[in-house]
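So you can see what is in the structure, the chains are spelled out below.
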Amino acid sequence: MEKFDLIEECKDAKTIFISGHVRPDADCVSSCLAMYMYLKKALPETKVKVSLEEPAEVFRCIKGFDEIDSTYAADNEVDVFIALDCEKSRLGEAGEIFANAKKRINVDHHVSNGRGCGDVNYVVPGYSSTAELVYDLFDRQYMDMEIAKAVYIGIAHDTGIFKYSNTSPKTLRTAAELIEYGFDFPGIIDETFYEKTYAQNQLLGRALLESIVFMDGKCIVSAIDKKTLDFYNATSKDLEGIVNQLRVTKGVECAIFMYETGSLEYKVSLRSCKYVDVSKVAAFFGGGGHVRAAGCTINGTFYDVANNISKQIELQMKAHEEENK
Ligand code: 5GP
Ligand code: MN
């Protein structure tokens with residue numbers, strides 16, 4: 001999909017409202033804050049607002065973090081709504097503001113988003129991150145170190161620090177360009193990606209210890225229940241990275257991690273290594289995502305959820321085996 005002229009699309013707006021998906025991850029927070037900083041600089045007369053569900057504290061290192069409004073207050077009519085890293089169904093409380101905005105812009109890299117949900121779209125499935133897409137739209141004359149740092153964090157996280165298959169030569173060239181701005185790139189990656197609190201490590205440990213492998217070791221599943229989360233005084237933000245650790249178990253093609261969000265309700269994260277398209281599995285249950293990383297919410301007991309998902313994965317594995325006979 002061709003990119004559009006961001007300044008041209010926004011220059012007549014009096015109010016711009018930026019938001020992203022519920023339970024915002026690094027790419028979502030970074031893209032929203034980079035866009036926020038950029039538009040404030042490029043269009044100083046325009047009122048720009050950024051609203052998201054409360055992000056994890058580690059992202060406080062990104063400039064503008066304190067200006068994120070988690071109450072979703074849109075005081076006046078919104079001229080331009082910029083939806084980042086998601087389709088409209090995942091905007092949560094911002095969904096209504098999106099629906100009433102005069103113009104809607106959508107920038108995203110999820111395959112499940114189709115051609116986009118805006119009046120103006122820049123949706124490229126397979127792209128490393130929304131942060132990389134957002135950076136494509138920026139006029140370099142307004143770039144600065146803080147914007148570069150935000151974009152870098154988004155790209156680095158969504159590529160698993162430049163190692164997932166969504167990392168393209170262009171992604172690395174973009175990262176090279178960004179570090180020229182001179183921020184502490186090893187430091188922010190340690191701080192936002194690798195560093196774990198004691199409770200986070202304990203939860204990771206428990207998830208690994210209690211994991212179950214099946215389908216001849218090609219699948220692995222684990223869960224954290226509500227009681228355990230409460231015991232560690234933890235939230236879903238403390239579970240980031242667990243599914244990735246499950247995925248790198250030798251012999252595993254597909255990893256399933258879930259945590260209890262309510263009575264008989266689980267938020268499920270799916271990852272695959274080489275051939276299972278987990279975005280299809282997630283979409284079957286009303287979720288979505290990427291080919292190698294996707295998610296959904298499913299009702300039932302742990303065993304119901306694990307069984308139902310496994311069936312969908314098994315179908316793909318069988319088809320893959322047939323193709324390779
Ligand atoms: P995670 O497992 O890290 O929560 O999500 C993996 C990927 O799938 C992310 O890109 C995320 O945005 C997407 N994703 C997670 N849950 C859902 C969901 O319920 N619906 C959709 N459409 N995408 C999801
Ligand atoms: Mn993303």
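Anyway, here's the lowdown on the structure attached to this text.

Rules and cut-offs
- Residues numbered from 1 in each chain as written.
- Chains lettered and ligands numbered in written order.
- Predicted model: local features only at pLDDT ≥ 70, side-chain atom pairs only at ≥ 80, totals over all residues.
- Heavy atoms only, no water.
- Disulfide = S-S within 2.5 Å.
- Buried < 20%, exposed > 50% of the residue type's maximum accessible area, 1.4 Å probe, protein only.
- Pairing = 2+ DSSP bridges.
- Helix = DSSP H or I, 4+ residues; strand = E, 2+ residues; numbered from the N terminus.
- Axes fitted to C-alpha atoms, helices over the stretch in contact; angles between N-to-C directions.
- Contact = heavy atoms within 4.5 Å.
- Salt bridge = Lys/Arg side-chain N within 4 Å of Asp/Glu carboxyl O.
- Phe/Tyr/Trp six-rings, centres within 6.5 Å; stacked < 30°, edge-to-face > 60°.
- Core = buried A, V, L, I, M, F, W, Y, C linked by side-chain atoms within 4.5 Å.
- Near = heavy atom within 4 Å.
- Polar contact = N/O pair within 3.5 Å; in protein donor to acceptor, adjacent residues only side chain to side chain.
- Areas by Shrake-Rupley, 256 points an atom, 1.4 Å probe, with all protein chains shown as cover.
- Nonpolar A, V, L, I, M, F, W, Y, C, P; charged D, E, K, R; others polar.

Concerning the state of the cysteines
- The final tally for this structure, using the stated rule, is 0 disulfides.
- No disulfide involves Cys-10; its nearest neighbouring cysteine sulfur is the one of Cys-32, lying 13 Å away.
- Using a relative accessible area of 0% as the deciding quantity, one classes Cys-10 as buried.
- Between Cys-254, a cysteine without a disulfide, and Cys-219, which holds the nearest cysteine sulfur, the sulfur-to-sulfur distance is 4.8 Å.
- According to the relative accessible area criterion, Cys-254 is buried, its value standing at 0%.

Focus on the sheet that holds strand β5 (residues 120–123)
- Ordered by their spatial adjacency, 5 strands build an open sheet running β2-β1-β3-β4-β5, and the pairing between neighbours is parallel. A single partner strand is all that each edge strand has here, and the edge strands are β2 (47–51) and β5. Neighbour to neighbour, the strand axes of the sheet diverge by 15 degrees on average, direction disregarded.
- Bridge count for strand β1 (residues 15–19) against strand β3 (residues 80–84) is 4 bridges, and the pairing is parallel. Each residue of the ladder has a partner; that of Ser-19, found in β3, is Ala-83.
- Lying over the sheet, helix α2 (residues 26–42) contacts β1, β2 and β3, oriented at roughly 170 degrees with respect to β2.
- Along the sheet, helix α4 (residues 130–137) contacts β3, β4 (103–108) and β5; its crossing angle with β4, the most-contacted strand, is approximately 125 degrees.

Quick word on the pattern of salt bridges
- In the structure shown here, the tally under the stated rule is 18 salt bridges.
- Salt-bridge contacts for Lys-11 lead to Asp-12; the nearest nitrogen and oxygen are separated by 3.9 Å.
- Residue classification places Asp-12 among the exposed residues on the basis of a relative accessible area of 66%.
- Of the charged contacts, one joins Glu-210 and Arg-206 as a salt bridge, the two residues approaching to 3.9 Å between their closest N and O atoms.
- Note on Arg-206: relative accessible area 30%, which makes it partly exposed.
- Salt bridges linked by common partners bring Glu-8, Lys-11 and Asp-12 together as one network.

Regarding the sheet that holds strand β10 (residues 288–289)
- Judged by pairing direction, the sheet is mixed, and its 6 strands sit side by side in the order β6-β7-β8-β9-β11-β10 without closing on themselves. Strands at the two margins of the open sheet, each flanked by one partner only, are β6 (212–214) and β10.

So, the packing of aromatic side chains
- With the rule as written, the count across this model stands at 11 aromatic pairs.
- Taking 5.2 Å as the distance between ring centres and 85 degrees as the angle between the ring planes, the aromatic pair formed by Phe-81 and Phe-98 counts as edge-to-face. Within this pair, whereas Phe-81 is found in strand β3, its partner Phe-98 is found in helix α3 (residues 95–100), the two being separated by 17 residues in sequence.
- A ring pair is formed by Phe-231 and Tyr-232, whose centres lie 5.0 Å apart and whose planes are at 90 degrees; its orientation type is edge-to-face.
- A relative accessible area of 17% places Tyr-232 in the buried class.
- By way of ring pairs, the aromatic residues Tyr-152, Phe-162, Phe-183 and Phe-185 are connected into one cluster.

Comments concerning the nonpolar core
- Within the largest apolar cluster, 59 residues are counted, with the highest numbers of intra-cluster contacts made by Leu-6, Ile-16, Ile-18, Leu-39, Ile-82 and Phe-138.
- Contact partners of Leu-6, with chain neighbours within four places excluded, come to Met-35, Tyr-38, Leu-39, Ile-82, Leu-137 and Phe-138.
- Counting residues in each nonpolar core, the second largest holds 24 residues, with Ile-256, Val-278, Cys-296 and Met-317 among its members.

Focus: the environment of Lys-280
- Here Lys-280 is to be found in helix α11 (residues 278–284).
- As for Lys-280 and Ala-73, which are separated by 207 residues in sequence, their C-alpha atoms are 35 Å apart.

With respect to the site of ligand 1
- In the region of ligand 1, 14 residues are neighbours, and Arg-90, His-110, Lys-267, Ser-269 and Arg-271 sit closest.
- Measuring from an oxygen atom of ligand 1, one finds a side-chain N or O atom of His-110 at 2.6 Å.
- Within the contact set of ligand 1, an oxygen atom lies 2.8 Å away from a side-chain nitrogen or oxygen of Arg-271.
- When the free accessible area of ligand 1 is taken as 490 Å², the share hidden by the protein chains comes to 83%.
- Partitioning the shell around ligand 1 into residue classes produces 3 nonpolar, 7 polar and 4 charged.

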